[in-house]
4 protein chains.
Amino acid sequence: MNSFGHNFRISLFGESHGAAVGVVIDGVPAGIALTEADFAEDLARRKGGTLGTTSRTEPDEPELLSGIFNGHTTGAPVAILFRNRHQQSEDYAPLAHTPRPGHADWVAAKKFGGWNDPRGGGHFSGRLTVALVAAGVVAKKIMGAKITARVCEIGGESNPAKWQEMLTQAASDGDSLGGIVECRAEGVGVGLGEPFFDSLESTISHLLFSIPGIRGVEFGDGFEAARKRGSEHNDPIISPDGTTATNGAGGINGGISNGNPIVVRVAVKPTSSIRREQHTLNTLSGSVEPLSIGGRHDLCIALRAAVVVEAAVAIALADASANLKLKIEN
Amino acid sequence: MNSFGHNFRISLFGESHGAAVGVVIDGVPAGIALTEADFAEDLARRKGGTLGTTSRTEPDEPELLSGIFNGHTTGAPVAILFRNRHQQSEDYAPLAHTPRPGHADWVAAKKFGGWNDPRGGGHFSGRLTVALVAAGVVAKKIMGAKITARVCEIGGESNPAKWQEMLTQAASDGDSLGGIVECRAEGVGVGLGEPFFDSLESTISHLLFSIPGIRGVEFGDGFEAARKRGSEHNDPIISPDGTTATNGAGGINGGISNGNPIVVRVAVKPTSSIRREQHTLNTLSGSVEPLSIGGRHDLCIALRAAVVVEAAVAIALADASANLKLKIEN
Amino acid sequence: MNSFGHNFRISLFGESHGAAVGVVIDGVPAGIALTEADFAEDLARRKGGTLGTTSRTEPDEPELLSGIFNGHTTGAPVAILFRNRHQQSEDYAPLAHTPRPGHADWVAAKKFGGWNDPRGGGHFSGRLTVALVAAGVVAKKIMGAKITARVCEIGGESNPAKWQEMLTQAASDGDSLGGIVECRAEGVGVGLGEPFFDSLESTISHLLFSIPGIRGVEFGDGFEAARKRGSEHNDPIISPDGTTATNGAGGINGGISNGNPIVVRVAVKPTSSIRREQHTLNTLSGSVEPLSIGGRHDLCIALRAAVVVEAAVAIALADASANLKLKIEN
Amino acid sequence: MNSFGHNFRISLFGESHGAAVGVVIDGVPAGIALTEADFAEDLARRKGGTLGTTSRTEPDEPELLSGIFNGHTTGAPVAILFRNRHQQSEDYAPLAHTPRPGHADWVAAKKFGGWNDPRGGGHFSGRLTVALVAAGVVAKKIMGAKITARVCEIGGESNPAKWQEMLTQAASDGDSLGGIVECRAEGVGVGLGEPFFDSLESTISHLLFSIPGIRGVEFGDGFEAARKRGSEHNDPIISPDGTTATNGAGGINGGISNGNPIVVRVAVKPTSSIRREQHTLNTLSGSVEPLSIGGRHDLCIALRAAVVVEAAVAIALADASANLKLKIEN
């Protein structure tokens, strides 16, 4: 459902065009300094710049509703609220009976008997990732590790110098681009992750695949490992502190962190909403019709996804860390 | 930890060289015909043939300890036990202080303060997948869908005619090979999966990454989606029953099954245990030493992983299905 | 932690003197009519009348932040917020180092290393029950059963005609009174509750004991059953619809609802905050000192607890019902 | 369902007349000495003596299937199995269509569509408490606290000298007796229990009410608290170590342990199976018929319940303790 985590647990709520989106974070240790200002940088990163990102600009001001006293966490749940301000729900009226290809419109209507909020994808919108980013800020504070994600490929191109031109071309074509995001977590220590089902890969991928638009997740050598021999992929320990030779395992053995950097890559699909004409079913008439999607959309959601991926990894690690040792000042 | 699932919930236990491995399955609907014979085919598939698989041959006879009466499930937990018979624990004595590259030996000792059972990887062994396969048999019975996994690539080669030669060569080199397994689930219906965190990709990948040796998971177009434009990857609905044009989304939109086949691919690393000389840390001396691993091992665990992948997908779908509608004869 | 339930799941947050208290409710079926007005009656019952209740009067206006569209639930989480308005935190300043007897002051400071919000009990305050009552309103809508709780004893007296006088006397003594609340749920059907650990008594008592100030919970004949013989306590089925002769089992056998009214009684302690002089530890000086608690408090929290008990029972039943059959309009 | 606990988690399985009952315990810290002999004393206590207990005598020999190596726990799940040996299933044949008053026969058949194992109550049998007792042994080892339960009342009589005569009389009447068990846990420390829903009373009562035949649970002053004034029930702290004056709160404030002994009392119903004639529905004919239950039954299950109550309390405390601080030897 809409919550994740055993001992560091988040519960998400909200809709793209409803009153608000938000998150309740349970299991936050007491005594962590936390104010609205701590969220500014990551929220700004998620908004993206002008290049290839939507023109919908929400202020994204977090309201800290609970769990904080005198500027520090209290150990009680931290609830964070983001009011929606700049909805343009009228953009979605023409789409009532033509489910957008690649979106959850059709399945959502089926699953919830037509009662779902369809405006801007409702609860299925990428808008909810603002709450995930906020939870990630808290998780990163807890972890104290260096967790950083960056776009490493757009439209199959790994040279950033060419991205501007590719985005401009896609925009002029009314089309969109996919991309790949890589996240590294350094300094997380040895022993995070639980056998059997809460392997670190399991919990990290669980969270990553909850982000709208993710098509693949790989660790270390990833899919390349499948093309290697054991003698090439094996990653011998070469130091008493656990340092390995190649980190082809992405910092994880047997589902448990081995002290080397955790490395995970995520395939982000191209934005589904495009101006260029597609076809889709008209659920009233039963016929397939052409469709051109207006409104405000990203050209390449990978550009804004990096900080969301970072948040997801941080949340999974914070939960694994809490599972490992719940500290308390007795 | 060692359990997975909300309403169809499995709990795994056991070690490679302990008395037994097993699984307790909770949430099995009452009234399903189930006997030992139902497990034979999948357990045989997991054993593999002679090609590229270990010479350790366990009988793998399931004992159904509970939850069954008159040949049908009762609604109470189904406990299934597999006694270990053919352990050769002496193979592992030389490895006590030289953690095998690619294995959990080193992290397990760190995490559990040296108390872990190291024989054959203990609780981290691929031996535990026999219990996963057993749970998959029950899950497939519940689902009634067609869920099939097959090896589609070994060592980077997708032509099965060349695999025999590659395996022979790897064996003679004392080395091992990775591979890719694809699983398709047809007939699972519309609406499985829950927003936000229990997206179908999240729960399926969670289970898949718990299988030892998995390095990547992708759905539909997978990592290729990241190299496509929206107009190429989008997957328009072309029929009132929800059929889409390309199934590039792998049967899932917004985390919810859309009625098309669910398609997932899994990267399996090459077997870590190889005869060919590697190096590793000697934890007693602190120096790095050469290591050649004897004993009985697979050349290519991907060959035996297909039925395990199938089981993992079936279990995730059975849980999603139970989450969707818990049926009961009132 | 601060969430409860498997398939109907609530997450609570907030503090007595913080910005707000609230609840996120996950697993609410789509299509239920729900507006702010639906909460008015139960919220008013929780406020209590003038007799024996605190003079702190919060408006208790619920903000429905998510999960509702066109006046109906959408299937997405319903978040409900109550802003705090009338805090008088200065009442608590004198208590900083004298933990109030019967309150969580001392354990909260120990557990959270002094970081807890101490104002009005912070997260441990009875103020949070406003969110529980709100969740109960939604649960009762889902259940459609008749769930009613009432005070049946105050200060050991079961004749309501005498309560006014007892309360007046306690008030003049600067003291407080305990009481007993009984809740009945009729029409919940057969089959709610799960073996072994999610017996209906288990989940109902779990929620009831989370309400501040509860000291005991009993079902049907309750503690009297321990004084009876089997021939007296046994409760034979006397009709094909499952109606029993005495309902001494309180509508539950083997943890499963048997179709008869569910009957549960709850012991509510006397309000801990009293004007009458008590003693407590001064945590600065280490000595025991006299203490008289001013501020605004209830004389008898049992009077306001009935609707909270009702909510707790309704929430447990709604979860059990969701566990039994998750309905969906496909 | 059939599992309980967050970080110390138990999963139960088995039936009274099936092959076995057992438990899988996850979250057991590594390095605890544990052998079959550790279980002998508590298992013997559960069997009861000759007085008032069933003549069915199972050997109750625990098989430790996993999670133990060299006589110590490994950190992996501990699976414990008890084979059933002395079933007399033929005793139950006459009861196929006459659900026994006070038992789960009728609701189980309804809930599971007639597929449930009816022999001896199947999965609803008190036989499963042998697995609970085994888990309690492990929990007590973890806690290191002094957790002791004893019968303090039988048939309303608190003087043990009179119990023998009462039991003899009940036996000669073909009837049964209820009783009250009190459990005290000393030395558990300060800070166990979590706000809001995982209050210590919540989790302890959750487990206690899962034991077959429990009708009521109360802490400290319990139901008597409802008859007291605040000045009588309040329990002032009188020492810097948290010692209170009366322990009327039963060692718990705000759901959190306060360092004083935890005191909980449990009402156990009289055994439902009695030789004395009762009436019940014949589900075939639809008429109400006389019923006399033969077979082997306890006169007073409270006599054997003490060690089960002790186990339940220990398990809840071990989970709360694990939630508080997961220790690991890094």
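Residue numbers run consecutively from 1 along every chain, following the written order of its sequence. Following the order in which they are written, the chains are lettered starting with A and the ligands numbered starting with 1. With pLDDT at 70 or above as the cut-off, local features in this predicted model cover only qualifying residues; side-chain atom pairs require 80 or more to be listed or tallied, and sums for whole chains, interfaces and linings still use all residues. Side-chain descriptors were evaluated using all non-hydrogen atoms of the structure, hydrogens and water having been removed beforehand.

(A) How the structure looks around the overall build of chain A. Numbering goes from the N terminus for both helices and strands, where a helix is a DSSP run of H or I of at least four residues and a strand is a run of E of at least two. Broken down by element type, chain A carries seven helices and 15 strands. Relative to the 2.2 N^0.38 estimate, which gives 20 Å for 330 residues, the radius of gyration of chain A is 21 Å and therefore close to what a compact globule would have. C-alpha atoms of chain A, sized along the principal axes, occupy 65 × 55 × 40 Å. Burial statistics for chain A: of 330 residues in total, 66% are counted as buried. Two residues qualify as a contact provided that any one of their heavy atoms is within 4.5 Å of a heavy atom in the partner residue. Taking the intrachain contacts of chain A between residues at least 6 apart in sequence as the baseline, contacts between residues at least 24 apart amount to 73%. Residue burial considers only the protein chains on display, and all accessible areas are found by Shrake-Rupley using a 1.4 Å probe. Of the roughly 10400 Å² of accessible surface on chain A, 50% is carried by carbon and sulfur atoms. Of the side chains in chain A, 30 bear a positive and 36 a negative charge, and the two mean positions are spaced by 2 Å. Values of the radius of gyration come from C-alpha atoms, whereas the globule rule sets the reference at 2.2 Å times the count of residues to the power 0.38. A simple rule labels every residue: compare its accessible area, found with a 1.4 Å probe on the protein chains alone, to the largest value its type can have, and call it buried under 20%, exposed over 50%, or partly exposed in between. Residues scored as charged are limited to Lys and Arg (positive) and Asp and Glu (negative), so that His and the chain ends carry no count. By convention, the charge on Lys lies at NZ, on Arg at CZ, on Asp at CG and on Glu at CD.

(B) View of the relation of the copies chain C and chain D. The fit set for superposing copies consists of C-alpha atoms from residues with pLDDT of at least 70 in both; the fit itself is least squares. For these two chains of identical sequence, chain C goes onto chain D by a turn of 180 degrees and a shift of 0.0 Å along the axis, with RMSD 0.0 Å. Such a turn and shift between the copies fits a two-fold axis. Interface overlap between copies is the fraction of interface residues in one copy that are interface residues in the other; for chain C against chain D it reaches 100%, indicating a shared surface.

(C) Looking closely at the pairing of strand β15 (residues 288–291) of chain D. Residue and element names in this part refer to chain D. Here strand β14 (residues 278–281) runs beside β15; their pairing, made up of four bridges, is antiparallel. Its bridge partner being in β15, H279 is matched across the sheet by P290. Only strands that DSSP links by at least two bridges are regarded as paired with each other. Where β14 hands over to β15, the hairpin turn is made up of six residues, of which G286 adopts a positive phi near 80 degrees.

(D) Representation of the interface of chain C and chain D in the model. Facing the 99 residues of chain C at the interface are 99 residues of chain D. Across the chain C to chain D interface the summed buried area is about 7600 Å²; carbon plus sulfur atoms make up 62%. Defined in terms of a 1.4 Å probe, buried area is the accessible area two parts forfeit on being brought together, summed over both. It is C:F196, C:F197 and C:R215 that lose the most area in chain C upon contact with chain D, and together they represent 12% of the buried surface on that side. When a carboxyl oxygen of Asp or Glu is within 4 Å of a side-chain nitrogen of Lys or Arg, the pair counts as a salt bridge. A salt bridge links D:K111 to C:E194; the shortest N-O distance between them is 3.1 Å. Under the scheme applied, nonpolar residues are Ala, Val, Leu, Ile, Met, Phe, Trp, Tyr, Cys and Pro; charged residues are Asp, Glu, Lys and Arg; polar residues are all the others, including Gly. Taken together, the residues of the side of chain C that touches chain D sort by class into 43 nonpolar, 38 polar and 18 charged. Relative to strand β10 (residues 214–219) of chain D, strand β10 (residues 214–219) of chain C runs antiparallel, the two sharing three bridges. Residue pairing across strands places C:G216 opposite D:E218, the latter belonging to β10(D).

(E) Seen up close, the environment of D:K140. Residue and element names in this part refer to chain D. Note on placement: K140 falls in helix α3 (residues 129–143). Among the residues examined, K140 registers a relative accessible area of 16% and is labelled buried. Remark: the alpha-carbon pair of K140 and G126, spanning 14 residues in sequence, is separated by 21 Å. Sequence-distant contacts of K140, defined by excluding residues within four places in its chain, comprise D42, R45, I147, E310 and A314.

(F) Broad picture of the confidence of the model for chain A. All names here are of chain A. A residue's pLDDT is the confidence the predictor assigns to it, expressed on a 0 to 100 scale. Per-residue confidence for chain A averages 93 on the pLDDT scale, and 95% of its residues sit at or above 70. Low pLDDT, under 50, characterises residues 326–330; the stretch is placed with 14 contacts to residues that sit more than four places away or in other chains. Both scores are given for the predicted complex: the pTM is 0.96, the ipTM 0.96.

(G) Representation of the sheet that holds strand β3 (residues 20–26) of chain B within the structure. Residues and elements named next belong to chain B. The strand order across the open sheet built from five strands is β1-β2-β3-β7-β4, with neighbouring strands paired in antiparallel fashion. Two strands lie at the open edges of the sheet, namely β1 (3–4) and β4 (63–64), each paired on one side alone. Where helices are involved, their axes are fitted lines through C-alpha atoms of the stretch in contact, as for all axes, and angles between N-to-C directions lie from 0 to 180°. Running over the sheet, helix α3 (residues 129–143) touches β2 (9–14), β3 and β7 (78–83) and is turned about 30 degrees from β3.

(H) The arrangement of helix α7 (residues 302–324) of chain A in detail. By this rule, a helix spans an expected 1.5 Å times one less than how many residues it contains. Along its 23 residues, α7(A) runs 32 Å from first to last C-alpha, staying within 8% of the 33 Å computed at 1.5 Å per residue. Counting buried residues along α7(A), 22 of its 23 residues qualify, which places the element largely inside the surrounding structure.

(I) Representation of the packing of aromatic side chains within the structure. Aromatic rings from Phe, Tyr and Trp, with only the six-membered ring used for Trp, were paired whenever their centres fell within 6.5 Å, and each pair was classed as stacked if the ring planes differed by under 30 degrees, edge-to-face if by over 60, and tilted otherwise. The final tally for this structure, using the stated rule, is 14 aromatic pairs over all chains. On the basis of an interplanar angle of 50 degrees and a centroid distance of 6.0 Å, the ring pair of C:F4 and D:F197 is categorised as tilted. Here C:F4, found in strand β1 (residues 3–4), pairs with D:F197, found in the loop between β9 (179–186) and α5 (200–208), and the two come from separate chains. We note that C:F4, like D:F197, is buried. Taken together, the aromatic side chains of A:F4, B:F196 and B:F197 make up a single cluster linked through ring pairs.

(J) Here's a closer look at empty space enclosed by the protein. A 1.4 Å probe that fits but cannot get out identifies a cavity on a 1 Å grid over protein atoms alone, an open set with protein on both sides within 12 Å along at least five of seven lines counts as a pocket, and a residue lines either if it has an atom within 4 Å of a point. Grid points are joined across faces, edges and corners, and a volume is the space filled by probe spheres set on the points. Using the criterion set out here, one finds 17 cavities of 30 Å³ or more in the structure. The volume enclosed by the largest cavity comes to roughly 1100 Å³. Along the wall of the largest cavity there are 40 residues; nearest its centre are A:H6, A:R9, B:H6, C:H6 and D:H6. Secondary structure elements with two or more residues in the lining of the largest cavity: β1 (3–4) and α5 (200–208) of chain A, β1 and α5 (200–208) of chain B, β1 and α5 (200–208) of chain C together with β1 (3–4) and α5 of chain D.

(K) Quick look at helix α4 (residues 163–172) of chain A. All names here are of chain A. Three or more residues of α4 are buried, namely W163, L167 and A170. Along the axis of α4, the buried positions cluster into a sector of 65 degrees, meaning they face one direction only. Away from its buried face by more than 90 degrees, α4 exposes E165 and S172. Contacts from the buried residues of α4 go to β8 (146–154) and α7. The directions considered for the arc run from the helix axis to the C-beta atoms.

(L) Layout of the pairing of β3(B). Residues and elements named next belong to chain B. Within β3, seven of the seven residues are buried, leaving the element largely enclosed by the surrounding structure. Side chains A20, G22, V24 and D26 of β3 all project onto a buried face; the interleaved residues V21, V23 and I25 project onto the opposite face, where all are buried too. Linking β2 back to β3 in an antiparallel pair, the connection comprises five residues. With six bridges connecting them, β3 and β7 associate as antiparallel partners. Considered in β7, the bridge of V21 is made with F82.

(M) Examining the side chain of D:E153 more closely. Its place among the elements puts D:E153 in strand β8 (residues 146–154). Polar contacts here mean pairs of N or O atoms no more than 3.5 Å apart (in protein, one a potential hydrogen donor and the other a potential acceptor; neighbouring residues in sequence count only if both atoms are side-chain atoms). Only 2.9 Å separates the side chain of D:E153 from the side chain of C:R227, close enough to count as a polar contact.

(N) Seen up close, the environment of B:G102. The topology assignment puts B:G102 in the loop between β7 and α2 (105–111). For the pair B:G102 and B:R150, spaced 48 residues apart in the sequence, the C-alpha separation amounts to 24 Å. Filtering out sequence-adjacent residues up to four positions away, B:G102 remains in contact with A:N234, A:N253, B:K269 and B:S272.

(O) Molecular detail of the pattern of salt bridges. Under the defined criterion, the tally for this structure stands at 88 salt bridges over all chains. In this structure, A:R127 and A:D60 form a salt bridge, with 2.9 Å as the shortest nitrogen-oxygen distance. Taken together, the residues span a long stretch of sequence, with A:R127 in the loop between α2 (105–111) and α3 (129–143) and A:D60 in the loop between α1 (40–47) and β4 (63–64) at a distance of 67 residues. The class for A:D60 is buried, based on a relative accessible area of 5%. With a shortest N-O distance of 3.3 Å, C:E224 and C:R227 are connected by a salt bridge. Since its relative accessible area comes to 44%, C:E224 is described here as partly exposed. Taking the relative accessible area as the measure of exposure, C:R227 reaches 34% and is therefore partly exposed. Among the ionic contacts, a cluster of salt bridges with common partners joins A:D42, A:R45, A:K140 and A:E310.

(P) Looking closely at the side chain of C:R46. Within the secondary structure, C:R46 is located in helix α1 (residues 40–47). For C:R46, a relative accessible area of 5% gives the class buried.

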